[in-house]
Amino acid sequence: MRRERQDGERVGVLEVTDVGVRFGGVIALDSLSFSIDDGQICALIGPNGAGKTTLFNVVSRIYQPSSGRVRFDGHDLLAVAPHRIAELGIGRTFQNLALVPGLSVLDNVMVGGHARSRGGFWAAALRLPPVPSQERALRATAMDALERLSLAQIATSPCAGLPYGTLKRIELARALVGRPRLLMLDEPASGLTHGEVDELGELIRRLRDELELTVLLVEHHMSMVMAISDRVVVMDLGSKIAEGTPAQVREDPRVIAAYLGAPA
Amino acid sequence: MSELTAATSEPHPDPRPRSRRLPIGRIVAASIVGVVLVGLPLESPPFRNEQFVGWMAIAIAASGLNLLTGYNGQISVGHGALYGIGAYSVALLITDVGVPVWIAVALAGVICFVVGVAIGLPALRIKGLYLALVTLAVATLFPLLVEQFSSVTGGGSGLSITSPQETARGVVDRPIQLTSPFGALAPDQWKYYVFLALTVVVFVVTRNIVRSRTGRSLVAVRDNETAAEVSGIHVARVKILTFGVSAAMAGVGGAVFALNNVRVNPSSFTIAVSIYFLIAVVVGGAASVIGPAIGAVAYGVFVDVVSPELPERLQPATPVILGGLLIVLMLVAPGGIVGWWRMLVAKRAARRGAGAAADGAGPASVTRKPSSRSTDARSPEA
């Protein structure tokens, strides 16, 4: 199962090959390999500490792996500077929220379009020609993203003090404004009510279809994972223990063992 | 133009309904401020006008410090040194090199930009209090360096800013004078207007930076470096450039100070000056564009207007009184004067009722209001 993609006939959008991450003596990822095809929704599941978020941080270049390769859309990601990841078309949200409390909701979302616009200090200071029109265009794109996520009414509010679920959606809007090809969502459903989780699953599918995204999802809400994923990669203790369609994974004895404990 | 735009059919509501309405209150307030700023030098004695220019110099430098500390979150206690470098640059460029005044001011900004970038490089690795300490060292060192290299700087006795001028006894080096080409204005009044114009330009430029992609990246780097980086912001570059731009503004402030006094002296650029800038930023309101100007005026009013009126016996206690006032201000208005004003406005808006807040904009939504909840519960399909 592990090596089935070596036949080389299809190359995934994101290809993770033998990635290992060590923190001192702790092995967070142990030669993890998997790949995602264009347009797929792929879920990464596993018990806490399995290394799911670590992998996200490797792909967004926050962690430098000690071994392995990560390729995205033909680029060797490990050779790309962290701030250029967004430009390549990778957007993400964070498990513990990484918003900018000092900015309004709209400005937070506009930060997501940073890689899609130009202009530094000088252009901004003198409002040189491309700046005002770019700013208007980015504002419009950000408002569209907010509207898509039913956040338009709070566009000018400060982020501080908004409910958790709203903040998670603002992060999603920020990621969308960067016009990603690959959208990585780290536990988007945490803290949501049951009804909201269903809506979210629906929303993720719709975003994938309308914006032609590939989605990599870390999530503990199994009902949502099983309902929307094309593929599921199951991790435990830094390694992949199973991979396949939701139906295949659900039946896999190793997965059941990892989740429920091995039978005595 | 993007997939996002293309996929949405209905026009979105105006994101800023409040500011698009004709802001009559703002126009009236701006007019009053404008009339006062323009009329002030006509009614004030020359020494007062020169003090006003001194406040402008502080306002410009404090605005630079605010960009760095308020918006970008990098603390500098060394802006007094950059102010000094700007002042000495102007003095030496005019006196020794013979550069025209306005080109000298611009060059002072460029020189300080380079120095700021040089300080910004190590600042990538040191943060918070440690950065404050390093910049403190820069501030302490600057007057000592000036005295050390006295052959260039004139040492402890300072430098007069001179240029060769036509006199009855031939061409002689004399202190430069900024005189009005229009005749009607006295030199102090002309100086006031020229530097007021420069100050306005600096603040407009600052406002443009703050309300742009660059301004957002400054705040994003301050609040969450990871989020900034993942969004495509080159964190190190932003930090270094902000240090440079901030230093350039401090340098221009120093240039104004030097041209106002027509001489420079190391005792004008001690560590205390760095502290005054911080005071101006904090009193006015950090991370607001106009805050440093308000803070500079508040500081100027205290030092130049109130303090000389104090009874003789209290004069030596001026710093203590200033310190006491600062403590009281920070207790009453931790966000400075601008922060206090915003709080008042927000309270008033909140009191006007939740009905008006239904448009979702406005400061009332600082507190959780029902509309954001209902946004949450509503289906994205709706």
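This write-up is about the structure you can find in this document. Being a predicted model, the structure only gives us computed values, none of them experimental.

A tally of regular secondary structure across chain A gives 10 helices and 10 strands. The C-alpha atoms of chain A give 19 Å as radius of gyration, which agrees with the globular expectation for 264 residues (18 Å, within 12%). The principal-axis extents of the C-alpha atoms in chain A amount to approximately 70 × 40 × 40 Å. The long-range share in chain A, meaning contacts at least 24 apart out of those at least 6 apart in sequence, stands at 68%. As displayed, chain A offers around 10,400 Å² of accessible surface, 53% of which is attributable to carbon and sulfur atoms.

Residue and element names in this part refer to chain B. Running from N to C, helix α13 (residues 271-284) and helix α14 (residues 291-306) point in directions that differ by 115 degrees, and their axes come no closer than 7 Å. The angle between α13 and α14 falls in the class roughly perpendicular. In this structure, α13 crosses over α14, and the sense of that crossing is right-handed. Two secondary-structure elements touch here, α13 through Tyr 276, Ala 280, Val 283 and Gly 284 and α14 through Gly 291, Pro 292, Gly 295, Ala 296, Ala 298 and Tyr 299. In terms of residue class, the contact of α13 with α14 is built from 7 nonpolar, 3 polar and no charged.

Throughout the structure, instances matching the rule amount to 14 aromatic pairs over all chains. Here the aromatic rings of Phe23(A) and Tyr63(A) are separated by 5.1 Å at their centres, their planes lie at 75 degrees, and the arrangement is edge-to-face. With a gap of 40 residues between them, Phe23(A) in strand β1 (residues 14-23) and Tyr63(A) in the loop between α1 (52-59) and β4 (67-72) connect regions that are remote in the sequence. Both rings, one in Trp122(A) and one in Phe113(B), keep their centres 5.8 Å apart while their planes meet at 55 degrees; by these two values the pair is tilted. Of this pair, Trp122(A) sits in helix α4 (residues 121-126) while Phe113(B) sits in helix α6 (residues 101-123), which puts the two residues in different chains. One aromatic cluster is present, formed by Tyr83(B), Tyr88(B), Phe142(B), Phe257(B), Phe269(B) and Phe277(B) through successive ring pairs. Positioned over the ring face of Phe94(A) is Arg92(A), at 4.1 Å from the centre of the ring.

Moving on, we get to helix α3 (residues 24-43) of chain B. For α3(B), which comprises 20 residues, the first-to-last C-alpha distance of 28 Å matches the rise-based estimate of 28 Å (1.5 Å per residue) to within 8%. Considering bend angle alone, the principal kink of α3(B) is centred on Leu37(B) and spans about 25 degrees; proline Pro41(B) follows within four residues of it.

Counting residues in hydrophobic clusters, the biggest one holds 91 residues, and the most contacted among them are Tyr83(B) and Val90(B). The contacts of Val90(B), once residues within four sequence positions are left out, are Ala104(B), Val105(B), Ala108(B), Ala255(B), Ala258(B) and Leu259(B). By size, the runner-up hydrophobic cluster in this structure holds 50 residues, among which are Ile41(A), Ile154(A), Ala155(A) and Leu183(A).

This paragraph deals with the packing of α3(B) against helix α9 (residues 187-210) of chain B. Residues and elements named next belong to chain B. α9 packs onto α3 with a crossing angle of 160 degrees between their chain directions and a minimal axis gap of 9 Å. As judged from the angle between their axes, α3 and α9 are roughly antiparallel. Like other packed secondary-structure pairs, α3 and α9 cross with a definite hand, here right-handed. From α3, Leu 37, Val 38, Leu 40, Pro 41 and Leu 42 reach across to α9, where they touch Gln 189, Tyr 192, Tyr 193 and Leu 196. Of the residues in the contact of α3 with α9, the class split is 8 nonpolar, 1 polar and no charged.

Looking now at the pattern of salt bridges. Residues and elements named next belong to chain A. Overall, the coordinates contain 17 salt bridges over all chains when judged by the stated rule. We note a salt bridge from Glu 243 to Arg 231, for which the minimum N-O separation is 2.6 Å. Taken together, the residues Glu 243 in strand β10 (residues 239-244) and Arg 231 in strand β9 (residues 231-236) connect sequence positions 12 residues apart. Accessibility classification places Glu 243 together with Arg 231 in one group, the buried group. The salt bridge partner of Asp 252 is Arg 254, with a shortest N-O separation of 3.1 Å. On the basis of relative accessible area, Asp 252 is assigned to the buried category, the value being 12%. Here Arg 254 falls in the partly exposed class, since its relative accessible area comes to 47%. One network of salt bridges, in which partners are shared, links Asp 38, Asp 73 and Arg 181.

Turning our eyes to something else, we now look at a nonpolar patch on the surface. All names here are of chain B. Together, Ile 327, Val 328, Leu 331, Val 332, Trp 340, Trp 341, Met 343 and Leu 344 make up an exposed nonpolar region whose accessible area comes to about 850 Å². Elements represented by at least two residues in the nonpolar patch include exactly α15 (318-332) and α16 (336-351). Tracing the backbone shows Val 332 in helix α15.

A word on the sheet that holds β4(A). All names here are of chain A. Spatially, the 4 strands line up as an open sheet ordered β2-β1-β4-β5, and their pairing is antiparallel. For this open sheet the edge positions go to β2 (26-36) and β5 (75-76), each flanked by a neighbour on one side alone. Note: β1 against β2, 7 bridges, orientation antiparallel. By the bridge assignment for β2, Val 19 is matched with Leu 32.

Glancing now at the sheet that holds strand β6 (residues 90-92) of chain A. Residue and element names in this part refer to chain A. What the 6 strands build is an open sheet, ordered β6-β7-β8-β3-β9-β10; its pairing is mixed. Edge strands, defined here as strands with exactly one partner in the open sheet, are β6 and β10. Put simply, the sheet's adjacent strands are angled 20 degrees from each other on average, direction ignored.

The next subject is the environment of Gly25(B). Residue and element names in this part refer to chain B. Within the element layout of this structure, Gly 25 appears in helix α3. Overall, the relative accessible area of 53% leaves Gly 25 in the exposed class. For the pair Gly 25 and Gly 70, spaced 45 residues apart in the sequence, the C-alpha separation amounts to 27 Å.

All names here are of chain A. Of all 6 residues making up β9, 5 are buried, and the element is well covered by its neighbours. Pairing of strand β3 (residues 41-45) with β9, which is carried by 4 bridges, proceeds in the parallel orientation. Residue pairing in the sheet places Ile 45 in a bridge with Val 234 of β9. In the sheet, β9 pairs with β10 via 5 bridges, with the strands oriented antiparallel. Pairing of Val 232 across the sheet is with Gly 244, part of β10.

Cut-offs applied
- Residues numbered from 1 in each chain as written.
- Chains lettered and ligands numbered in written order.
- Predicted model: local features only at pLDDT ≥ 70, side-chain atom pairs only at ≥ 80, totals over all residues.
- Heavy atoms only, no water.
- Helix = DSSP H or I, 4+ residues; strand = E, 2+ residues; numbered from the N terminus.
- Rg over C-alpha atoms; globule rule 2.2 N^0.38 Å.
- Contact = heavy atoms within 4.5 Å.
- Areas by Shrake-Rupley, 256 points an atom, 1.4 Å probe, with all protein chains shown as cover.
- Axes fitted to C-alpha atoms, helices over the stretch in contact; angles between N-to-C directions.
- Parallel < 35°, antiparallel > 145°, perpendicular 65-115°, else oblique.
- Left-handed = near helix turned anticlockwise from the far one by under 90°.
- Nonpolar A, V, L, I, M, F, W, Y, C, P; charged D, E, K, R; others polar.
- Phe/Tyr/Trp six-rings, centres within 6.5 Å; stacked < 30°, edge-to-face > 60°.
- Lys NZ or Arg CZ within 6 Å of the ring centre and 35° of its normal.
- Expected span 1.5 Å × (residues − 1).
- Bend = angle between axes of the 7 residues up to and from the residue.
- Core = buried A, V, L, I, M, F, W, Y, C linked by side-chain atoms within 4.5 Å.
- Buried < 20%, exposed > 50% of the residue type's maximum accessible area, 1.4 Å probe, protein only.
- Salt bridge = Lys/Arg side-chain N within 4 Å of Asp/Glu carboxyl O.
- Patch = residues over 30% accessible without salt bridge, like charges linked within 9 Å, V, L, I, M, F, W, Y side chains within 5 Å.
- Pairing = 2+ DSSP bridges.

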